[in-house]
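Examining the three-dimensional arrangement
Chain by chain, the residues:
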Amino acid sequence: MHFYLKERLEEVRKRVLYEQYAARKIPTWERIILTWMVLLPFWLVVSGNSRPANVAIGAATTLIISSLMRDMLTLDVRSKGNILQKGLYFMLVWAPQLAVIMMFRILESSVRVARNVMFMDINPGIVKIKTDLNSDTGITVLANSITLTPGTLTLDVRRKLGETYLYVHWIDVETLNREKAGEEIKGDIEEWLKKIFW
Amino acid sequence: MIEYLLLAFGEAIMVFGALGILRFPDVYTRLHAATKCDTGGAMTILIALALMAHAPTLVRLKFLVLAFLIALINPMVSHAIARGAYKYGIKPKVVVDMYAWDNP
Amino acid sequence: MAEENFLVGAVMILTFTSLLLTYRVLFGPTTPDRVVGVNTITTKVVVMLAIFAVIRAEYYLLDLAIVLLMVNSVGGLIFAKYLERGGAID
């Protein structure tokens, strides 16, 4: 009885969440164009020459592919503002800032692992933290960022009652309180991700 | 000049990562060393190579695409291996294990 | 050619670290240790391919590096799935 009620409540919450999200889904042509804006520079860089024929072939191919695969990258993007604002904000402000932040985090974590190797001052533990993100892409990027920040490694993701929990292997446990550990581990990465993903 | 500094820094990080994989006590801490040192060292070396190569701009950008792909793929694989190792039955040497509290 | 000497030295250091990691692949106490060693060695081979591309000025080797990186990721995911099922080949 108890388990039946729990499962039922979980189903209802999932449906409410899905309907809230489906109401603000971005339209189809915007999804196609956003995917195309990601795929065309990738084609240009990987193919490696910039003759007009090559660019035309690449534009046609990536347009076909992005019209088929329009849901893979952009299903979890917040729909706020029009498409030009969103694309320019993503390419010129959001992505470079996140890239610079993550680059310095990666260097810091490498130096810290080198220090741990020399002095062996480790005190490992597995802690559980809660996150506010709900979409698949957002959780994936957050888990990868947590793995690259100093001293932490994501083990597993668990969804329970409409909330998302992450299990994190921490090489030097400082606190066991869930809120403090979340503050310490996630930092400001989650705020950056909440601007784009829901 | 800065590219040689970056190259030497990346090589030092790679050496420390290998020493960490040899010295750490169990799989999860070894994964720490493998993921962070490999990603940091590889990205630093690739940025140095992009500054060093005598090539047009599109070819230099290819080095940065390789660095981006390494930074995207390496943590994902380490996450999968850590979860697989836990399900395989390897107990971590830790002070507190909240994952075992929820999966008895 | 100071630049080439630096790059050849970098390749030699990477080969040395790969030899150190071979210990973990051969005598690792458990199976996941071996998987970690193989993945790390492959990432080092990717970096070595990129350095060779700069030394020889043959930039098609970068495409080989990208393909090797993707094959490495798929192999790691398959090994992780194998470990998750408890080491049984079904």
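In case you missed it, the structure is sitting above this.
Quantities reported herein were computed from a predicted structural model and do not represent experimental measurements.

How each quantity is defined
- Residues numbered from 1 in each chain as written.
- Chains lettered and ligands numbered in written order.
- Predicted model: local features only at pLDDT ≥ 70, side-chain atom pairs only at ≥ 80, totals over all residues.
- Heavy atoms only, no water.
- Helix = DSSP H or I, 4+ residues; strand = E, 2+ residues; numbered from the N terminus.
- Buried < 20%, exposed > 50% of the residue type's maximum accessible area, 1.4 Å probe, protein only.
- Contact = heavy atoms within 4.5 Å.
- Buried area = accessible area lost by both parts, 1.4 Å probe.
- Salt bridge = Lys/Arg side-chain N within 4 Å of Asp/Glu carboxyl O.
- Polar contact = N/O pair within 3.5 Å; in protein donor to acceptor, adjacent residues only side chain to side chain.
- Pairing = 2+ DSSP bridges.

1. Focus: unusual backbone geometry
- Phi at Met-120 of chain A takes a positive value of approximately 55°, unusual for a residue other than glycine.
- Relative to the assigned elements, Met-120 of chain A resides in the loop between helix 5 (83-119) and strand 1 (125-131).
- With a phi close to 55°, Ala-57 of chain C is a non-glycine residue in the positive phi region.
- Examined against the element boundaries, Ala-57 of chain C turns out to sit in the loop between helix 2 (31-56) and helix 3 (61-84).
- Given a relative accessible area of 49%, Ala-57 of chain C falls into the partly exposed group.

2. Looking at the interface of chain A and chain B
- Listed per partner, the contact involves 42 residues of chain A and 44 residues of chain B.
- Among the residues chain A hides against chain B, the three largest losses belong to Val-45, Ile-126 and Leu-155 of chain A. Together they make up 16% of the total.
- In this assembly, chain A and chain B are joined by one salt bridge.
- Here Asp-156 of chain A makes a salt bridge to Arg-83 of chain B, at a shortest N to O gap of 3.1 Å.
- The tally of links from chain A across to chain B stands at six residue pairs in polar contact (both at pLDDT 80 or more).
- Among the secondary structure elements, those contributing two or more residues to the side of chain A that touches chain B are helix 2 (28-47), helix 5, strand 1, helix 6 (136-148), strand 2 (152-160) and strand 3 (163-170) of chain A.

3. Looking at the pairing of strand 3 of chain A
Residues and elements named next belong to chain A.
- Burial within strand 3 is extensive, with seven of its eight residues counted as buried.
- Sheet analysis places strand 1 next to strand 3, joined by seven bridges and oriented antiparallel. Across the sheet, Val-127 pairs through a bridge with Val-168, a residue of strand 3.
- Here eight bridges tie strand 2 to strand 3, and the two strands are oriented antiparallel to one another. Opposite Thr-152, over in strand 3, you have Trp-170 as the bridge partner.

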